[in-house]
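Structural characterization, general
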Amino acid sequence: MCLGVPMRVVSVGEDGVVAEIDGVRKDASLMLLDEEVKEGDFIIVHAGFAISKLDEEDARETLRLMREVFRPEDMA
Amino acid sequence: MKYQDEFRDRDIVQGLASRIRELVAGRREPMTFMEVCGTHTMSIYQYGLRTLLPPQVRLISGPGCPVCVTPNEYLDRAVALCRVPEVIVATFGDMVRVPGSTSSLLEERAKGADIRIVYSPLDAVALAAANPGKRVVFLGVGFETTAPAIGGSILAAKKQSLGNYFVLAAHKTMPQPMRVLSADPELKIDGYICPAHVSAITGPDAYRFLAEEFRIPCVITGFEPVDLMQGVEMLARQVVAGESRVETQYSRVVRPEGNRKAQAVIREVFTPCDAPWRGIGVIPGSGLRIVDAYAAFDAGKIIPVEVEETKEHAGCLCGEILKGKAAPADCPLFAGACTPESPVGACMVSSEGTCAAAYKYGQ
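All values reported here derive from a predicted model rather than from experimental measurement.

**Some points on the sheet that holds strand E2 (residues 57-61) of chain B**
All names here are of chain B. The strand order across the open sheet formed by five strands is E2-E1-E7-E8-E9, and the pairing between neighbours is parallel. In this open sheet, the two edge strands, each paired with only one partner strand, are E2 and strand E9 (246-248). Neighbour-to-neighbour, the strand axes of the sheet open up by a mean angle of 25°, direction not taken into account. Examined bridge by bridge, strand E1 (residues 31-35) and strand E7 (residues 191-194) share three bridges and lie parallel to one another. Its bridge partner lying in E7, glutamate 35 is registered against isoleucine 193. Packing against the sheet, helix H12 (residues 225-241) makes contact with E1, E2, E7, strand E8 (218-220) and E9, and its axis sits at approximately 135° to E1.

Encoded structure:
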């Protein structure tokens with residue numbers, strides 16, 4: 001129940017968006033989101049409401065730093 | 001969504017595991033970290049993360065499954081409500097199979113009660129709009145992530161001037177049980193893996209008292225294996241350094257201020273109250289009730305019912321498991337009398353329950 005799912009915004013309407021993950025599309029209300037969203041953004045959807053926007057840059061940076069630290073050759 | 005999969009990168013997970021091993025190599029004293037989110041519990045079992053950790057690092061599960069911490073009394077009240085003529089009970093799916101004292105919503109449905117499983121509380125509002133002759137009662141359980149969604153549904157029902165949408169509210173907030181567990185000398189928790197999406201709403205400050213008053217490190221962690229292993233590494237690093245801070249590993253989603261709009265919806269519709277937790281008992285200020293201004297939407301006030309006397313399930317260790325004092329295998333019913341097909345206790349019913357995760361993925 002508490003599962004929040006990251007989904008990609010495919011269209012933005014007046015009160016909500018249509019978001020998609022793995023080919024499944026769902027409506028998500030924007031009533032609880034205090035950030036602007038546009039098509040292509042990733043949002044966390046919980047029980048039909050967008051609750052947070054996913055900072056993709058931050059995610060990529062985390063991964064980049066980790067890859068740098070954990071190079072396969074260092075992990076024998 | 002490719003980069004989400006990258007948070008499952010085997011090499012990074014292994015790298016984090018070896019870093020944790022190095023960090024704690026010289027220590028004899030084990031450190032115990034508790035996760036208080038059902039989705040974390042599922043991920044830890046699903047990816048076998050315990051097997052990657054050295055013996056000095058122990059992960060235990062706490063009261064993180066919203067359905068599991070909901071006591072029998074609430075389920076008995078829901079059962080009584082669904083027996084009222086012209087009432088439709090709308091609920092998230094994992095509530096229907098939880099046994100109350102003598103029945104469950106699933107059993108009541110088989111007997112003819114109108115019980116609908118919905119994905120969003122807004123679906124329940126739509127159900128009320130489409131059935132003006134009926135009264136729709138949504139079962140409002142969950143933590144800070146779900147509370148604003150259900151508050152939002154009440155605001156939506158008000159906007160549509162619906163007089164037949166109600167919520168049976170039993171929301172709970174996470175910091176208070178963490179205070180109770182932190183003060184328990186039997187548990188001795190050395191760090192918290194703080195919930196991800198609860199924190200997206202509350203922000204990291206909600207846990208500051210744990211770090212400052214109880215000197216327990218806290219890390220808000222995402223759900224993927226890389227997130228969880230990095231969260232454990234950050235906790236171990238704090239323990240080794242003798243520090244206690246609230247850190248956010250899941251910064252791609254959790255903002256320092258949390259989600260102010262969702263916080264405002266909670267404040268508008270709910271007010272704190274004392275609440276009973278399965279296995280823990282009543283915790284002051286740990287629940288959310290509907291404020292008087294929205295009493296017209298409060299099923300507890302508008303639709304009175306007689307509730308049967310509450311009975312606990314004999315032999316079930318759910319209470320001890322929710323406190324982190326027992327593991328699923330310690331329960332005499334686990335995988336015998338109690339299975340996901342025929343659950344005795346709530347921890348086996350919900351997919352976020354510790355027993356369900358242990359049963360599905362093994363120990």
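There is more to say, and it comes next.
**A short note on the packing of helix H1 (residues 56-69) of chain A against helix H2 (residues 10-24) of chain B**
Following both chains from N to C, one finds H1 of chain A and H2 of chain B inclined at 65°, their axes separated by 10 Å at the closest point. Crossing of H1 of chain A over H2 of chain B shows left-handed handedness. Here H1 of chain A contributes Leu63, Met66, Arg67 and Val69 of chain A to the contact with H2 of chain B, which in turn contributes Ile12, Leu16 and Arg19 of chain B. Residue composition of the contact of H1 of chain A with H2 of chain B, grouped by class: five nonpolar, no polar and two charged.

**A look at the interface of chain B and chain A**
Counting residues at the interface gives 49 residues for chain B, matched by 37 residues for chain A. Of the roughly 3700 Å² buried between chain B and chain A on both sides combined, carbon and sulfur atoms contribute 66%. Where chain B touches chain A, the interface holds three salt bridges. Note that arginine 255 of chain B is salt-bridged to glutamate 35 of chain A, the shortest N-O span being 2.9 Å. The interface formed by chain B and chain A includes 12 residue pairs in polar contact (both at pLDDT 80 or more). Here the side of chain B that touches chain A is composed, by residue class, of 24 nonpolar, 15 polar and 10 charged.

**A look at the confidence of the model for chain B**
Averaged over every residue, the pLDDT of chain B is 95; residues scoring 70 or more account for 99%. Across the interfaces of the predicted complex, the ipTM metric reaches 0.92, alongside a pTM of 0.94.

**Quick look at the state of the cysteines**
Residue and element names in this part refer to chain B. Across all of its chains, the model carries one disulfide over all chains by this definition. Disulfide pairing is shown between cysteine 65 and cysteine 68; the S-S distance is 2.4 Å. One disulfide, between cysteine 65 and cysteine 68, carries an S-S torsion of 70° and so falls in the right-handed class. An identical accessibility class is assigned to cysteine 65 and cysteine 68; each is buried. Here cysteine 318 is not disulfide-linked; the sulfur of cysteine 347 is the nearest cysteine sulfur, at 3.2 Å. Of the residues examined, cysteine 318 reaches a relative accessible area of 5% and is grouped as buried. Unpaired in this structure, cysteine 355 has its nearest cysteine sulfur neighbour in cysteine 347, at a distance of 4.9 Å. By relative accessible area, cysteine 355 is classed as buried at 6%.

What counts, and at which threshold
Residues numbered from 1 in each chain as written. Chains lettered and ligands numbered in written order. Predicted model: local features only at pLDDT ≥ 70, side-chain atom pairs only at ≥ 80, totals over all residues. Heavy atoms only, no water. Pairing = 2+ DSSP bridges. Helix = DSSP H or I, 4+ residues; strand = E, 2+ residues; numbered from the N terminus. Axes fitted to C-alpha atoms, helices over the stretch in contact; angles between N-to-C directions. Contact = heavy atoms within 4.5 Å. Left-handed = near helix turned anticlockwise from the far one by under 90°. Nonpolar A, V, L, I, M, F, W, Y, C, P; charged D, E, K, R; others polar. Buried area = accessible area lost by both parts, 1.4 Å probe. Salt bridge = Lys/Arg side-chain N within 4 Å of Asp/Glu carboxyl O. Polar contact = N/O pair within 3.5 Å; in protein donor to acceptor, adjacent residues only side chain to side chain. pLDDT = per-residue confidence, 0-100. Disulfide = S-S within 2.5 Å. Buried < 20%, exposed > 50% of the residue type's maximum accessible area, 1.4 Å probe, protein only.

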